[in-house]
Amino acid sequence: GTIKPDGEIINIKHFGGDIDSKFHESNLMFTKDQKTVYFSRNNYDHKKYRTNKEGVNLIQLYKAEVNEKGIWTNIQRLPFNSNEYSSGHPTLNADETELYFISDRPGSYGETDIYKIKINADGTYGNPLNLGPSINTSKKEMFPFLDENNVLYFSSNGYKNSKGNL
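Since the structure is predicted, the reported quantities are computational estimates derived from the model, not experimental observations. (Residues numbered from 1 in each chain as written. Predicted model: local features only at pLDDT ≥ 70, side-chain atom pairs only at ≥ 80, totals over all residues. Heavy atoms only, no water.)

A.B. asks: Describe in detail the sheet that holds strand β10 (residues 98-103), supporting the description with residues and values.
C.D. replies: Here four strands make up an open sheet; going across it, the order is β9-β10-β11-β12 and the pairing antiparallel. Here the strands that pair on one side only, and so sit at the sheet edges, are β9 (87-92) and β12 (129-130). Bridge count between β10 and strand β11 (residues 113-118): six bridges; the pairing is antiparallel. Looking at the pairing, S103 lines up with D113 of β11. (Pairing = 2+ DSSP bridges. Helix = DSSP H or I, 4+ residues; strand = E, 2+ residues; numbered from the N terminus.)

What follows is the structure, encoded as structure tokens:
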């Protein structure tokens, strides 16, 4: 789409193609060069519907390349996902060397916590690191976003006297 000077978005185009499944895709983050996109999707890839031990289909993180025509290609399920817990809501730090996301993986302080993982120069990933109890609570932390100064913004329903409750 195009953003007009008054902020109105016009000429909106549907992504379409391989990105759309019959399930849920959301919370996307493009790299600054707009050649890579990270996004959340139900655990469904290459027509494989995956569930955990209880039969629940969870949210997972995916990555795609964006070609010169804007088509999303080479869609990959990220290697630190698991069929047994959810991971989603990706965002990048300012120099795009770390991916932040939420997860309910083992070792979480609450229902969902914010984690970060190093993106190595060769495209591989480090190990997920929980941001700890100064950020995460016994409840949900969701929707992380880092601005150009690496200030972290997020929603939570675990802080006392907070407004919004997520």
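Still more to cover.
A.B. asks: Go over the packing of aromatic side chains, please, and point to the residues and values.
C.D. replies: If you walk through the whole model with that rule in mind, you get seven aromatic pairs. Ring geometry for F39 versus Y62: centroids 5.7 Å apart, planes at 20 degrees, classification stacked. Taken as a pair, F39 in strand β4 (residues 36-42) and Y62 in strand β7 (residues 59-66) lie far apart in primary sequence, 23 residues in all. The exposure class of F39 is buried, given its relative accessible area of 1%. The rings of F30, F39, Y62 and W72 are connected pair by pair, giving a single aromatic cluster. In this structure, R41 is placed above the aromatic ring of Y62, and the distance from its NZ or CZ to the ring centre is 5.2 Å. (Phe/Tyr/Trp six-rings, centres within 6.5 Å; stacked < 30°, edge-to-face > 60°. Buried < 20%, exposed > 50% of the residue type's maximum accessible area, 1.4 Å probe, protein only. Lys NZ or Arg CZ within 6 Å of the ring centre and 35° of its normal.)

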